Amino acid sequence: MIKPDRIVAASAQTLAQPSRVAAAAAAAPDLSARAGEHDHMANAIRALAMDAVEQAKSGHPGLPMGAADIATVLFTRFLKFDPADPQWPDRDRFVLSAGHGSMLLYAVLHLLGYEKMTIEEIKRFRQLGSLTPGHPEHGHTPGVETTTGPLGQGLANAVGMAIAERHLAAEFGGALVDHFTYVLASDGDLMEGISQEAIALAGHLKLKKLIVLFDDNGISIDGPLALTDSVDQVKRFESAGWAASRIDGHDPAAIAAALEAAKKSERPSLIACRTTIGFGAPNKGGTEKAHGAALGAEEVAAARQKLGWSAPAFEIPPAIRAQWRAAGERGRPARLAWQARLAALPAEKRAEFERRSNGELPEKKLAAAVHELKQKLAQAPKEVATRAASEFALEGLTAALPEMVGGSADLTGSNNTRTKAMHVLSAADYAGRFIHYGVREHAMAAAMNGMALHGGIMPYSGTFLVFSDYCRPAIRLAALMGLRVVHVMTHDSIGLGEDGPTHQPVEHLAALRAIPNLKVFRPCDPVETAECWQLALQSRSGPSVLALTRQNTPQLRQGFDEHNRCALGAYELVAAEPSPYPPPQAGEGRVRVSLFATGSEVAIAVAAKRLLAEQKISARVVSVPCFELFAAAPADKRAAIIGQARVNVAVEAGIRQGWDAIIGSAGVFVGMTGFGASAPYKDLYKAFGITPEAVAEAALKHAR
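The following refers to the structure shown. Computed from a predicted structure; not experimentally measured. (Residues numbered from 1 in each chain as written. Predicted model: local features only at pLDDT ≥ 70, side-chain atom pairs only at ≥ 80, totals over all residues. Heavy atoms only, no water.)

1. Comments concerning the sheet that holds strand β3 (residues 210-216)
Here is step 1 of the chain: Spatially, the 5 strands line up as an open sheet ordered β1-β2-β3-β7-β6, and their pairing is parallel. If you trace the sheet from one side to the other, it starts and ends with β1 (93-96) and β6 (243-248), each paired once. Each strand axis lies, on average, 15° off the axis of its neighbour in the sheet, ignoring direction. (Pairing = 2+ DSSP bridges. Helix = DSSP H or I, 4+ residues; strand = E, 2+ residues; numbered from the N terminus. Axes fitted to C-alpha atoms, helices over the stretch in contact; angles between N-to-C directions.)

Take a look at the structure:
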């Protein structure tokens, strides 16, 4: 075939001067002479991408046009999938980490015959309610494996998917689990810091079934990549333990050979594919002008002529469509053979695989585990940090739920996320259930998303609450996608003490509570910790954070209660003593003060209640382990829990933001208004006025 307008096969001089892309494009031969089945199929992707972006007057045509050859080879010759069953558990995963190039994926899904990806959806690109949003959205569009757009996230998700594949293959065998994870990544993906965390982890774990195709087009939004970056990505990946190569990304034979080699590698693989952004566009191709805007009618017409594509907008010639549909049928025999192998398994093993793949909990086992935990705590109360209470809970929970795979970002002994029975997942033993992520919080959180997306695994991990800042982009995407992942975040306040304000979270609870569809649990004692774990595991449609203490807390829940009292998000922990006095004002209850608190501050509220009783002030204590569940509770139950006290007081070693929804704007808040300090934690609580005496005094000012 005639070589297109692209960077000439990766000479060192061209690598150093990516601005020559434009010159190469101008000097390229007329593409109308290109022929062959591959060229026509790739041009179908380019045409649909140009047309959809042009109609929307918004989008990114450059990547789909530049990477069309890569996608054509991958989807028609290598990727294992079946459009008739987009959720087939043993399909290969394809992650478009460069989510801005979404029309590449939408075009391919349409051409392959994914039922819901009609030409009408292609025409509705970036329109309200369409299956073709600006960036791919998992759960919204069949065939989209993960939500991408924030660069680097998809690459790290793919690492999690590859971990899940290896783990489940070790547990259930290669007859059931044997697939690859492919990624199409951009230079932006590889510049984001999360990429270094992700590729280092993948190289360390020797995830040989992970293959990254780098769309190496030498262009960024601002212009030539040389403006901002001079990293040799091949050497970078090699240094992290990957197999890496550089090829011509417009040569189908070279792409196929590289993929064949990658599939045989004992290491994860990077294939740097030298491409031209906006391939085929005679004036804007090879420049930043092809990246993030419609090409314009004149340029689209010129590109059609240069590519030899004469079909009208949004029309695919029948012969080319038939070739793509045949490629879509290619994986059906493999899927049917896999289904036969699954059906031939012993009933118990088949049921367990299907249960895990479907994300279904063994509810009876979970309930029994929590029941046993609470009985033990009723018989032998514990005064321990809630992080230690979490470890105690995990001993029973991980035994009941074998799909739970834990981890920590180099803080295992501090987060208490590894139980005694858990073995380490490593390159030597993928059957392990605990992952040492190293100091890689961002990749850890994103890899957990990938595991949850893959299915069959229920991931949880640990770090300090202050480092939720490093995890936040991935947590937000987990919430957007509705993924069940659990983040154990310990050292949750100034209560961590001497490490000081750099490590003491102050605004973090409020910041996490601001993320839609994220549940933030802050239990006050071992019983609440067990109940919050149960609720997090049952939260199938979104992620959870467990904010846990470093310092010991008393067990405030005495005796055994089979009900999960945390399920409403808040409940009356200690009722007020009956008051002999009538309400001070019409509409008020006989209770003068309602004390609301979370976590370690619940014990402070209980102590403040005793001080108020000495002053003949009737008070009650409400524990609020989860704002989000409380906000979702029926209005009558919320009103009953909030009550009608004369004054509402909230106590939390964080900032006030978010509390007014419970205590009202006239409510009193005892907590933090700035950063912490370095000192023993008891001294800090006194210094910042978060004590029973301070709470009682604040209540008294308004209760009389």
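2. Overview of the pairing of strand β11 (residues 458-464)
Here is step 1 of the chain: In terms of residue burial, β11 counts as a mostly covered element, since 7 of its 7 residues are buried.
Here is step 2 of the chain: Bridging between strand β9 (residues 404-408) and β11 involves 3 bridges; their strand directions are parallel. In the sheet register, valine 405 faces β11, and the bridge partner there is proline 459.
Here is step 3 of the chain: In this sheet, strand β12 (residues 486-490) lies alongside β11 in parallel orientation, the contact comprising 5 bridges. Residue pairing in the sheet places serine 461 in a bridge with histidine 487 of β12.
Here is step 4 of the chain: Note that the unit made of β11, helix α21 (residues 468-481) and β12 has a crossover that is right-handed. (Buried < 20%, exposed > 50% of the residue type's maximum accessible area, 1.4 Å probe, protein only. Right-handed = clockwise from strand over helix to strand, strands pointing away.)

3. Structural notes on the sheet that holds strand β19 (residues 647-651)
Within a sheet, each strand pairs with its neighbour through backbone hydrogen bonds, oriented either parallel or antiparallel.
Here is step 1 of the chain: Taken in spatial order, the 5 strands line up as β16-β18-β17-β19-β20 in an open sheet, and their pairing is mixed. The sheet is open, and its two borders are formed by β16 (571-574) and β20 (668-670), each paired with just one other strand. Pairs of neighbouring strands in the sheet enclose a mean axial angle of 30°, with direction left out of account.
Here is step 2 of the chain: Running over the sheet, helix α26 (residues 635-642) touches β16, β17 (593-597), β18 (619-623) and β19 and is turned about 135° from β18. (Contact = heavy atoms within 4.5 Å.)

4. Re the layout of surface pockets
Here is step 1 of the chain: Volume-wise, the largest pocket comes out at about 730 Å³.
Here is step 2 of the chain: Ser357, Gly359, Ala452, Leu453 and Gly455 are, among the 33 residues lining the largest pocket, the residues nearest its centre.
Here is step 3 of the chain: Tallying contributions element by element places helix α16 (residues 347-357) first for the lining of the largest pocket, with 4 residues.
Here is step 4 of the chain: Looking at side-chain class alone, the lining of the largest pocket contains 15 nonpolar, 10 polar and 8 charged residues. (1 Å grid on protein atoms, 1.4 Å probe; cavity = no way out; pocket = protein on both sides within 12 Å on 5 of 7 lines; lining within 4 Å. Points joined across faces, edges and corners; volume = space filled by probe spheres on them. Nonpolar A, V, L, I, M, F, W, Y, C, P; charged D, E, K, R; others polar.)

5. What to know about the pairing of β19
Here is step 1 of the chain: Burial analysis of β19 places 5 of its 5 residues in the buried class, the great majority of the element.
Here is step 2 of the chain: Residues Val647, Val649 and Val651 line one face of β19 and the alternating positions Asn648 and Ala650 line the opposite face, and both faces are buried.
Here is step 3 of the chain: Here β17 runs beside β19; their pairing, made up of 5 bridges, is parallel. Each residue of the ladder has a partner; that of alanine 597, found in β19, is valine 651.
Here is step 4 of the chain: Pairing between β19 and β20: 3 bridges, direction parallel. Bridge pairing in β20 places valine 651 opposite valine 670.

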